[in-house]
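Fold and contact review
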Amino acid sequence: MTTSPHDPPARERPRRSRPVRAGRPPYPARAARTTGVAATVALLAATLVLPTAAAAANGPASDATSTTTAVATATAGATATATATATAVAAAAAADELPAPRLDWTACPFPGAPEGLQCASVQVPVDYADPRGAKTTVTVDRLPATGAHPVGSLFFDPGGPGGSGTELVYAESLGAGLFSAATREHFDLIGLDPRGVGLSSPVRCDPELLNRQVSLFPSDEAGFQRLVERNRELGRSCRRLTGPLLDHLDTVSAARDLEVLRRALGQGALNYLGLSYGSQLGATYAALFPDRIRTLALDGALDHSLATTTLFKDEARAYEDSFRRFVGWCAQDTTCALHGIDVGRLFDELVTAADRTPIPAPDCVRSGGCRSSVTGEDIRLNLQGRLLFPSRRGELALALEQARNGDASAFSSPLATGPADGEANGSAIAIECLDWPTPIRTLADLQRLQGIGRTVAPRLGGASQSWTILTGCVGWPEPVVNPPRPAAVRHAPPILITNATHDPSTAYPWAVHLAGQLPSSVLVTREGDGHTSYLARGAARTRDAIDSYLLTGRTPPPGTVYAD
């Protein structure tokens, strides 16, 4: 999954530091950066669930075996649904046992934040199996509606995982214009930092280990062991510095936190807009608390029923498709800095050369905030973030041209400056490794999956955020606690799902598959490019449909397609 900058406003916003103020909640401080705010939004997933290893090994079945398997599958599915429903009922009951906390709104610890932007925190159980045990902090910020008669509050999660909703709402308070006038008029915006993220008791890890560079595509046993050891040491450092919370950063726990916040707000049923990973969080909430929803908009669908290998395969294919379309745009549009050049060949040569001799990143040398040189592997992995928004295609073309001329700063990875750095931290991998199992145990396993990546994405070789999960969770010391499974949502109000057909991050088939699991949902298809629609420029009709749904609770007709 890719955590990448959103489609930016016309002007950059200053990077904020977070000083602790006297009389204020102890929000975690982050080191200031010289770059603009890189508000995170991305994430991904995959399409049709792969057959189990046993089924694949057994090969074609006889008719009798097929019938037996079908019955067993149906029985297992019914059992899983019944278990999920019982779990949801128990979770709702457990949540209601605790008194609703109080939100005390105070000034936010962001530089230059206007008086109207306020922050509040609640204490939630670290482990919901022990609701009266140790607590952790979850923080939100609130920007009041511009209209005199707001509908209520709208919880917003930008994705990631690891994306900070408070950061984007703060940017909006400075005039970024990320949200539509209609949303601003009718809703108080509530920026959510899920547990372990941003202002919400963030994951803390050893910065030396966060910055230790190892290949995610090792070619020999020594390289594989370096990867495994780095992951193991990093996970142990996160556990040491974060404490028991590291075991409970899964999406189910985060969804229960959202219910605590809804109750604390005291405004009735939930209004929610979740982008990318935020869609997984929203769907999980719907499975747990379907009767407590007013509106639930899931933009850029992540389907948590998928096998991690499927997640990887589908995302790799979608990423390669988006790059291919970028190459086609450059060939046709004279504004592209590389117009008239074989961009695919340029990219291939650039990656090969950078793997042989890393390309300097002089901007990073000056700032100290990112790596001083860039490998071909870095380019393949970091290019994805620059494909998220079509309006930034021109910037990507310039970045490739600069790299060809010896300056690859645009493709450098950020460096952590502390245990909970705002740009390079352990929150994403800590959440991912609790939600998604990796099938990699040996170098041979890794090479087999790498072969799949090369098959579905010959140019990029499977480099993607899903690959960082597959490889980043090898050796991670914490076990998976929220494994993939179908959503079991019953008796929910209308839910809106939106997805682009050429999304480089959340592949379109995921949205189709997720919609099939949510009986009350309607999928609106955006025939176009880019990751998510609400924050993307040029997706006017899709964004209007989301606004209208949030305001009225009514979805467009099933089968709606917009050519945005």
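Look a little higher up for the structure.
Residues numbered from 1 in each chain as written. Predicted model: local features only at pLDDT ≥ 70, side-chain atom pairs only at ≥ 80, totals over all residues. Heavy atoms only, no water.

Quick notes on helix 18 (residues 540-552)
When the terminal C-alpha atoms of helix 18 are compared, their 18 Å separation across 13 residues agrees well with the 18 Å that a helix rising 1.5 Å per residue should span. Taken residue by residue, helix 18 has T542, R543, A545, I546, D547, Y549 and L550 as its buried positions. Two residues or fewer past helix 18, G553 is found with a positive phi of approximately 85°. (Helix = DSSP H or I, 4+ residues; strand = E, 2+ residues; numbered from the N terminus. Expected span 1.5 Å × (residues − 1). Buried < 20%, exposed > 50% of the residue type's maximum accessible area, 1.4 Å probe, protein only.)

A short note on the packing of helix 10 (residues 343-356) against helix 13 (residues 393-404)
Contact pair helix 10 / helix 13: the axes reach a minimum separation of 11 Å and the direction vectors enclose 45°. Viewed along their axes, helix 10 and helix 13 adopt a mutual orientation that is oblique. Viewed along their axes, helix 10 and helix 13 form a crossing whose handedness is left-handed. Residues V343, L346, F347 and L350 of helix 10 form the contact with helix 13, whose own contacting residues are L400, A403 and R404. Here the residues of the contact of helix 10 with helix 13 are counted per class, giving six nonpolar, no polar and one charged. (Axes fitted to C-alpha atoms, helices over the stretch in contact; angles between N-to-C directions. Parallel < 35°, antiparallel > 145°, perpendicular 65-115°, else oblique. Left-handed = near helix turned anticlockwise from the far one by under 90°. Contact = heavy atoms within 4.5 Å. Nonpolar A, V, L, I, M, F, W, Y, C, P; charged D, E, K, R; others polar.)

Re the sheet that holds strand 10 (residues 495-502)
As summarised here, the arrangement of the 10 strands in space is 1-2-3-5-4-6-7-10-11-12, forming an open sheet in which the pairing is mixed. Both edges of this open sheet fall to strand 1 (106-107) and strand 12 (561-562), since each of them pairs with a single strand only. Here two bridges tie strand 1 to strand 2 (residues 118-125), and the two strands are oriented antiparallel to one another. Among the inter-strand pairings, A107 is bridged to a residue of strand 2, identified as Q118. Packing against the sheet, helix 17 (residues 508-517) makes contact with strand 7 (293-299), strand 10 and strand 11 (521-529), and its axis sits at approximately 155° to strand 10. (Pairing = 2+ DSSP bridges.)

Focus: the pairing of strand 4 (residues 152-157)
Within strand 4, six of the six residues are buried, which leaves the element mostly enclosed by the surrounding structure. Across five bridges, strand 4 lies against strand 5 (residues 187-193) in parallel orientation. Paired with L154 across the two strands is L189, which belongs to strand 5. Where strand 4 lies against strand 6 (residues 270-275), three bridges are found, and the strand directions are parallel. Within strand 6, the residue paired with D157 across the bridge is G274.

Here we look at the state of the cysteines
Disulfide: a covalent bond connecting the sulfur atoms of a pair of cysteines. For the coordinates displayed, the defined rule picks out five disulfides. What pairs with C108 in a disulfide is C119, and their sulfur atoms sit 2.1 Å apart. Across the S-S bond of C108 and C119 the torsion is about 110°, and the bridge reads as right-handed. Remark: C119 occurs in strand 2 and C108 occurs in the loop between strand 1 and strand 2; sequence separation between them is 11 residues. Given the relative accessible area of 2%, C108 is considered buried. Here C364 connects covalently by a disulfide to C370, the sulfurs 2.0 Å from one another. In this structure the cystine formed by C364 and C370 twists about its S-S bond by roughly -95°; its chirality is therefore left-handed. In terms of burial, C364 and C370 fall into one category: buried. By sequence-ordered numbering of the bonded cysteines, the protein has its disulfides arranged as 1-2, 3-4, 5-6, 7-8, 9-10. (Disulfide = S-S within 2.5 Å.)

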